[in-house]
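Chain by chain, the residues run as shown.
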Amino acid sequence: MPICQSDLTFIVAPPGSGKTSLLFNIMKNAEESNRILYFTLEEDEVDIKRRCDALDISNIKNIDFYGIDQGVVTIKTIKEEISSGNYDLICIDQFNKIKPQEGEKRTDFREYFTNSVLELRELTKKYKVPIIVVHQLNRGWEEVDWPSFSLIKETSAIEEEATRVICFWSHNNPPIS
C-alpha cells in the first residue's frame, strides 16, 4: 500500500484486533530516511519501548514518540508537534482519545470529531505529510454480518475526508451443534 503525501488514512477495527500492531509494522517498513512522529493516547514511554522491542523496531532512530506521559494530546498539540519538525509520516493511536482544547467543551461528540477529522485533513495538505490514524469501531460491530461506514465511531467525516479507510473484519462462524 503506497502512502503518498497528503494522505489521511484511518485504520478501523474492533478492540484487540491488531490496529496498533499494523501501525507499528507500517512504521517498521518505512524507509530508514523517513522521519516519523508517533502519538499514542494509550501508552506511556515504557509500554512504547516494550512494543518496539517486541516488533524489533527499537533500533530505528527516526521515530519521535509522544506518549500519554508527555501530557494531554489535543489537535493543537498535534499541530504544534508537526510544525516543529520535518516529518515524513505522522501516526496517531487512537483518534477517539484526542482531547478537546483547555476550556473547550465537548458536548456534541459528532461535531467535535468531525472538526478534528477536518483539521487533520488540513494538516496533511499544509505540511504535505501523510497521517495514519487508528480508530475503533462503534459498539454493536459484533452484531452485523458485514462492516459499513455507520460502524465508524463518532463521525461520518472520516468517510468523506479520508484518502483511505482500512477496516479489519472477521466473520464469526456459528458454533457447530
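For the structure, see preceding data.
To start, this report covers the structure provided alongside it. (Residues numbered from 1 in each chain as written. Predicted model: local features only at pLDDT ≥ 70, side-chain atom pairs only at ≥ 80, totals over all residues. Heavy atoms only, no water.)

Details of the overall build of the protein chain
Step number 1: A tally of helices and strands in the protein chain yields five helices and six strands.
Step number 2: Along the protein chain, helices and strands appear, N-terminal first, in the series β-α-β-α-β-α-β-α-β-α-β.
Step number 3: Out of the 177 residues belonging to the protein chain, those deemed buried represent 41%.
Step number 4: Only carbon and sulfur atoms are counted for the fraction: they give 46% of the accessible area of the protein chain, which is about 10,000 Å². (Helix = DSSP H or I, 4+ residues; strand = E, 2+ residues; numbered from the N terminus. Buried < 20%, exposed > 50% of the residue type's maximum accessible area, 1.4 Å probe, protein only. Areas by Shrake-Rupley, 256 points an atom, 1.4 Å probe, with all protein chains shown as cover.)

Digging into the pairing of strand β1 (residues 8-13)
Step number 1: Across the six residues that make up β1, a large majority, six, are buried.
Step number 2: What you see with β1 is no split at all: L8, F10 and V12 on one side and T9, I11 and A13 on the other are buried throughout.
Step number 3: Pairing geometry for β1 and strand β5 (residues 131-136), over six bridges, is parallel. By the bridge assignment, I11 is partnered in β5 with V134.
Step number 4: Here β1 pairs with strand β6 (residues 164-167) via four bridges, running parallel. Across the sheet, the residue bridging to I11 is I166, located in β6. (Pairing = 2+ DSSP bridges.)

Quick notes on the environment of E161
Step number 1: Within the secondary structure layout, E161 lies in helix α5 (residues 157-161).
Step number 2: Owing to a relative accessible area of 24%, E161 belongs among the partly exposed residues under this scheme.
Step number 3: Residues E161 and L120 lie 41 residues apart in sequence; the distance between their C-alpha atoms is 9.3 Å.
Step number 4: If we ignore the near neighbours within four places in the chain, the residues touching E161 are L8, V117, L118 and R121. (Contact = heavy atoms within 4.5 Å.)

Re the packing of helix α3 (residues 75-84) against helix α4 (residues 109-127)
Step number 1: With their axes 11 Å apart at the nearest point, α3 and α4 run at an angle of 10° to one another. Classified by the angle between their axes, α3 and α4 sit roughly parallel to one another. Residues I75, I78, K79, I82 and S83 of α3 lie in contact with α4, whose contacting residues are S116, E119, L120, L123 and Y127.
Step number 2: Taken together, the residues of the contact of α3 with α4 sort by class into six nonpolar, two polar and two charged. (Axes fitted to C-alpha atoms, helices over the stretch in contact; angles between N-to-C directions. Parallel < 35°, antiparallel > 145°, perpendicular 65-115°, else oblique. Nonpolar A, V, L, I, M, F, W, Y, C, P; charged D, E, K, R; others polar.)

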